[in-house]
Amino acid sequence: MTPAIPLALLGLVDASFSGFRAYAGRDARIRKHRATARAALRGLAVGAVLLLAPALTAAIVLSTASDQAETFDTLAAGGRGYLLPLGLYTAVVLVSLAAYFALPFRASTLAVVIGLGPLTLLRPLAIAAACLGALINGGGAPALLVGTIAGAAVLCVEPAVHRRWYHHVQ
């Protein structure tokens, strides 16, 4: 199985969370479910567009390779190596998000402070670990190139959403 579909889904979920993060904490209303859902959808839309960059890069790498079958296997191995660190990171984020949405107000605030806040700061490190995982798993330079572009794409979603829709809110 190619890891492209699970990686794309992880990227889209992360983009949705990035939209949520671009908005969360910028509105003093307690009940803001519609606004957070709208922000998550905005992140999803921006992420879907930005994730076309690694897909296009992979397509170019494959189409210009002398041995396409070997390059595909190399990219798939790198993708599986990329998937493991990101899967673990996403699982921890999902637990923190579940706590945020399911717990009462004070406890959900604590979930943000001790869970989601630090996890947001660790996103670049999770992507770096994923790139290292791609190399260790045999992905080589092609997988590192696609992985780096994918990592840059997902890291750009939150600033793009913030600049486009929430720059006026401090």
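The shown structure was predicted, so the numbers you read here are calculated from the model rather than taken from an experiment.

(A) Layout of the environment of C131. Locating C131 in the fold gives a position in helix α6 (residues 123-136). If sequence neighbours within four positions are ignored, C131 has contacts with Y82, L144, G147 and T148.

(B) Molecular detail of α6. Compared with an ideal rise of 1.5 Å per residue, which puts 14 residues at 20 Å, α6 spans 20 Å between its outermost C-alpha atoms and is within 8% of the ideal. Inspection of α6 places R123, A126, I127, A130, C131, G133 and A134 among the buried residues, and these make up the whole buried set. What you see down the axis of α6 is that its buried residues fit within an arc of 155°, all on one side. The exposed set on the far side of α6, more than 90 degrees from its buried face, consists of L125 and I136. Against the buried residues of α6 lie α1 (4-23), α4 (68-102), α5 (105-121) and α7 (140-166). Taken from the residues just after α6, G138 is the one with a positive phi, measuring 100°.

(C) Up close: the nonpolar core. Of all hydrophobic cores here, the largest spans 24 residues; its most connected members are L75, Y82, L86, Y89, V93 and L97. Only α1, α3 (52-64), α4, α5, α6 and α7 provide two or more residues apiece to this core. Looking at this core, the element that brings in the most residues is α4, giving six residues. Residue contacts for Y89: discarding those within four places in its chain leaves L119, T120, L122, R123 and A126.

(D) Quick look at the packing of aromatic side chains. The final tally for this structure, using the stated rule, is two aromatic pairs. On the numbers, 5.2 Å between centres and 50° between planes, the contact of Y23 with Y166 is tilted. One end of the pair, Y23, is in helix α1; the other, Y166, is in helix α7, and 143 residues separate them in sequence.

(E) Looking closely at the environment of Y82. Inspection of the secondary structure assignment puts Y82 in helix α4. In this view, Y82 contacts L7, I127, A130, C131, G133, A134, G147, A150 and G151; residues no more than four positions away in its chain are not counted.

(F) Summary view of the environment of F17. Tracing the backbone through its elements, the reader meets F17 in helix α1. Put simply, F17 and V93 are 76 residues apart on the chain and 9.5 Å apart in space, counted from C-alpha to C-alpha. If we ignore the near neighbours within four places in the chain, the residues touching F17 are V93, L94 and L97.

(G) Broad picture of α3. Between its first and last C-alpha, α3 extends 18 Å over 13 residues, near the 18 Å set by a 1.5 Å rise per residue. Those residues of α3 that sit buried are P54, T57, A58 and V61. The buried residues of α3 occupy an angular sector of 100° when the element is viewed end-on, so they sit on one face. Exposed and oriented more than 90 degrees from the buried face of α3 are L52, L56, S63 and T64. On the buried face of α3, the contacting elements are α2 (33-50), α4 and α7.

(H) Region of the structure containing the packing of α3 against α7. At a minimum axis separation of 8 Å, α3 and α7 run at an interaxial angle of 165°. As far as their axial angle goes, α7 and α3 are roughly antiparallel. The way α3 lies across α7 gives a crossing that is right-handed. Where α3 approaches α7, its residues A53, P54, T57, A58 and V61 are matched on the opposing element by P142, L145, V146, I149, A150 and A153. In the contact of α3 with α7, the residues fall into ten nonpolar, one polar and no charged.

Cut-off values and rules
Residues numbered from 1 in each chain as written. Predicted model: local features only at pLDDT ≥ 70, side-chain atom pairs only at ≥ 80, totals over all residues. Heavy atoms only, no water. Helix = DSSP H or I, 4+ residues; strand = E, 2+ residues; numbered from the N terminus. Contact = heavy atoms within 4.5 Å. Expected span 1.5 Å × (residues − 1). Buried < 20%, exposed > 50% of the residue type's maximum accessible area, 1.4 Å probe, protein only. Arc of directions from axis to C-beta. Core = buried A, V, L, I, M, F, W, Y, C linked by side-chain atoms within 4.5 Å. Phe/Tyr/Trp six-rings, centres within 6.5 Å; stacked < 30°, edge-to-face > 60°. Axes fitted to C-alpha atoms, helices over the stretch in contact; angles between N-to-C directions. Parallel < 35°, antiparallel > 145°, perpendicular 65-115°, else oblique. Left-handed = near helix turned anticlockwise from the far one by under 90°. Nonpolar A, V, L, I, M, F, W, Y, C, P; charged D, E, K, R; others polar.

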